[in-house]
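# Structural characterization, general
Residue strings, one per chain:
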Amino acid sequence: NGQWTLQIRGALTAFEYVVHQEYTADGYSTPEEFQELMAGVLSQNLTLSIDNERVELNDPNIKLGHETIVVYRLNLPSEFQTVEMKNSLFENIYKSKSAFMVLKNGVKRNLFNLEETNDYTAKVKIEDDAFVLQGQSEASIGISENILFIIAFFLILFAVSLVVGLKPVQVIHRKDSGQPIENQLKNKP
């Protein structure tokens, strides 16, 4: 209905960690004070741009819980071509990774990772009614997946051929002999 939102969802412990890193655990005494500190940390670590124009992220609605939800209400143009999101909020948490998705009517949903390897940033554009990473078309994504599948197929085929090519070790066990198998192999006629 013309209203856009930016939602960030995560474990409360992750949000506590980043607030404690910035302000220490003694920096607040009530949930409201924690939310104020969290809003400050969010403003320092979130950047959203639409068609290369930075969007102001103000007044987050923060709902604390095991899954903490942060919601920003945004005024965005009805039509746009690119979205860039940077979320370095959890970058100091070992191997942190978050997912980014843009939901727009008539446009296919794709999930993009924000992680250390891409500096917790994804810049996506609309191409053929789908969001794709800028500089990578949807067709090239399919090709790279097909190439990976073909490589994996040949590696498995190679491994199977190695296993089939090995000659099995012959183990003889005589039921009529009371000797252990090792002795049976030594005494083999």
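Note that this is a predicted model, so its numbers are computed, not measured.

So, on to the pairing of strand E5 (residues 67–74). Side-chain positions along a regular strand alternate between the two faces of the sheet. Buried residues dominate E5, accounting for six of its eight residues. Bridge count between strand E1 (residues 4–11) and E5: eight bridges; the pairing is antiparallel. Following the sheet pairing, Ile8 is matched in E5 by Val70. Direction of pairing for strand E4 (residues 61–63) relative to E5: antiparallel, over a ladder of three bridges. Bridging across to E5, Asn61 finds its partner in Val71. The antiparallel pairing of E4 with E5 creates a hairpin that spans three residues between the two strands.

Membership of the largest hydrophobic core comes to 36 residues, with the highest contact counts inside it found for Phe15, Leu42, Tyr72, Leu74, Val83, Phe100 and Phe131. Mapped onto this core, the elements with two or more residues apiece are E1, helix H1 (12–23), helix H2 (31–45), strand E2 (46–50), E5, strand E6 (82–87), strand E8 (112–115) and strand E9 (121–127). Considering every element that reaches this core, the biggest residue donor is H2, with five residues. Leaving out residues up to four positions away in the same chain, Phe15 has contacts with Ile8, Gly10, Phe34, Met38, Leu42, Thr68, Val70, Leu89 and Phe90.

Parameters at a glance
- Sequence positions are assigned chain by chain, starting from 1 and proceeding in written order.
- Local features in this predicted model are restricted to residues of pLDDT 70 or higher, and side-chain atom pairs are both shown and tallied only at a pLDDT of 80 or more, whereas totals for entire chains, interfaces and linings draw on every residue.
- Working from all heavy atoms in the structure, the side-chain values ignore hydrogens and water.
- Burial classification: accessible surface area is computed with a 1.4 Å probe over protein chains only, and a residue below 20% of its type maximum counts as buried, one above 50% as exposed, and the rest as partly exposed.
- Numbering of helices and strands runs from the N terminus; a helix is a DSSP stretch of H or I covering at least four residues, while a strand is a stretch of E covering at least two.
- Each pair of strands is called paired provided DSSP finds at least two bridges between the two strands.
- Note on terminology: a nonpolar core comprises buried Ala, Val, Leu, Ile, Met, Phe, Trp, Tyr and Cys residues joined through side-chain atoms within 4.5 Å.
- Every residue pair with non-hydrogen atoms within 4.5 Å of one another is taken to be in contact.

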